[in-house]
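# Summary of the model geometry
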Amino acid sequence: MENKILLLEDDVSLIDGLQYSLKKNGFDVDFVRSVQETLTYLPEIEKYDMLILDVTLPDGTGFEICEKVRKNGNQIPIIFLTASDVNGLQVGGDDYITKPFKLGELCSRIRALLRRAGLSHQEAGTVMECGDIKIDLLGSRVLLKGKTLELTAAEYRLICLLVKNANRIITRDFILDELWDSTGDFVDNNTLSVYVRRLREKIEANPSEPKYIFTKWGVGYYFN
């Protein structure tokens, strides 16, 4: 079954290339060209698996659509298309890609995000517990000894992946592929190390002597 995508883009020359490439890669896409037109599709948003939103449009921004969708409680995956390095993750987006971009890179991002969303849908309504850590998958929150931790979206995805594979060594390449998709060059080599360090600072009593997240040097990490 093809994944169905609603794509908001007003650049006609770009639409032609997107339509061809996405269809060739097995995606069923409906195109809209304005914020107002997109709003008419929102009552039927449940039939879509993803939204791809251009940021700058004649009658507004893709951020407005994202905020409206999230305010209604819908967690559909959202990717922003932006001409500048504007981070739309703060308004509830899941990923963004800057123009000009390679169509192959966009398809890789779409597949990675759909894969992550598929995992979260399967686990929706469940809770994962490991020691003093409890992950509420329905509420997308992590609790340490009953207290909710302030985590970024990437840190949350990382700890979910680690806990799900508890006591199993998972390689850096696998983690990067699951979280950001390693097929492009948009992932800095130090990104994962930074997120692991930040996560340790939030969940470990002593980050230099971890109790939960251990490093297997030269290979990856495992969650105790």
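Residues numbered from 1 in each chain as written. Predicted model: local features only at pLDDT ≥ 70, side-chain atom pairs only at ≥ 80, totals over all residues. Heavy atoms only, no water.

## Quick notes on the overall build of the chain
Formally: The helix count covers DSSP runs of H or I at least four residues long, the strand count covers runs of E at least two residues long, and both are numbered beginning at the N terminus. In this analysis, two residues are considered to be in contact whenever any of their non-hydrogen atoms come within 4.5 Å of each other. Note on areas: these come from Shrake-Rupley sampling with a 1.4 Å probe, and a residue is covered only by the protein chains present in the view.
For the chain, the helix and strand inventory stands at 7 helices and 14 strands. Residue pairs at least 24 apart in sequence account for 54% of intrachain contacts in the chain once pairs closer than 6 positions are excluded. As presented, the chain carries roughly 12100 Å² of accessible surface, and 49% of it is formed by carbon and sulfur atoms.

## Details of the confidence of the model for the chain
Stated formally: pLDDT measures how confident the predictor is about each residue, on a scale from 0 to 100.
Predicted confidence across the chain gives a mean pLDDT of 83, with 89% of residues reaching 70 or more. The least confident element of the chain is helix H4 (residues 103–123), whose mean pLDDT is 74; the most confident is helix H2 (residues 35–41), at 96. Low pLDDT (under 50) marks residues 182–186, which in the prediction has 7 contacts with non-local residues, meaning those over four places away or in another chain.

## Details of the sheet that holds strand S2 (residues 27–32)
Here is the rule: When DSSP finds two or more bridges between two strands, those strands count as paired. In this analysis an axis means a line fitted to C-alpha atoms, helices contributing only their contacting stretch, and an angle means the value between N-to-C directions, from 0 to 180 degrees.
Ordered by their spatial adjacency, 5 strands build an open sheet running S2-S1-S3-S6-S7, and the pairing between neighbours is parallel. Two strands in the sheet have a free side with no partner beyond their single neighbour: S2 and strand S7 (95–98). Strand-to-strand twist in this sheet, taken as the mean axis angle between neighbours without regard to direction, amounts to 20 degrees. For strand S1 (residues 3–8) and S2, the ladder comprises 6 bridges, and the chain directions are parallel. Counted as the bridge partner of Ile5 is Val29 from S2.

## As for the layout of surface pockets
To be explicit about the condition: A 1.4 Å probe that fits but cannot get out identifies a cavity on a 1 Å grid over protein atoms alone, an open set with protein on both sides within 12 Å along at least five of seven lines counts as a pocket, and a residue lines either if it has an atom within 4 Å of a point. Grid points are joined across faces, edges and corners, and a volume is the space filled by probe spheres set on the points. For this classification, Asp, Glu, Lys and Arg are treated as charged, while Ala, Val, Leu, Ile, Met, Phe, Trp, Tyr, Cys and Pro are nonpolar and the rest, including Gly, are polar.
If you add up the space inside the second largest pocket, you get close to 170 Å³. Lining the second largest pocket are 13 residues, and of these Arg172, Arg200, Thr215, Trp217 and Tyr221 lie nearest its centre. If you list the elements that add at least two residues to the lining of the second largest pocket, you get helix H7 (191–203), strand S13 (213–216) and strand S14 (220–223). A total of 4 residues in the lining of the second largest pocket trace back to one element, the largest contributor, which is H7. Looking at the lining of the second largest pocket residue by residue, the class counts come to 5 nonpolar, 4 polar and 4 charged.

## Some details on the pattern of salt bridges
Spelled out, the test is: Salt bridges are defined by distance alone: a side-chain nitrogen of Lys or Arg within 4 Å of a carboxyl oxygen of Asp or Glu. The rule is simple: take the accessible area with a 1.4 Å probe, protein chains only, and divide by the maximum for that residue type; under 20% is buried, over 50% is exposed, in between is partly exposed.
One pass over the structure, following the stated rule, counts 11 salt bridges. Among the salt bridges present, the one from Lys99 reaches Asp54, with a minimum N-O distance of 3.1 Å. One end of the pair, Lys99, is in the loop between S7 and H4; the other, Asp54, is in strand S3 (residues 50–54), with 45 residues separating them in the sequence. Of the residues examined, Lys99 reaches a relative accessible area of 24% and is grouped as partly exposed. A salt bridge links Arg109 to Asp95, with the nearest nitrogen and oxygen atoms 2.9 Å apart. With Arg109 in helix H4 and Asp95 in strand S7, this residue pair connects regions lying 14 residues apart in the sequence. Residue classification places Arg109 among the buried residues on the basis of a relative accessible area of 8%.

## Notes on the packing of helix H5 (residues 153–164) against H7
What counts here: Comment on the angle field: the value is read as roughly parallel under 35 degrees, roughly antiparallel over 145, roughly perpendicular from 65 to 115, and oblique elsewhere.
At a closest axis distance of 10 Å, the pairing of H5 and H7 adopts a crossing angle of 80 degrees. Taken together, the axis directions place H5 and H7 in an arrangement best described as roughly perpendicular. Here Ala154, Glu155, Leu158, Ile159 and Leu162 of H5 lie close against H7, whose contacting residues are Leu192, Tyr195, Val196, Arg198, Leu199, Lys202 and Ile203. A per-class count over the contact of H5 with H7 returns 9 nonpolar, no polar and 3 charged.

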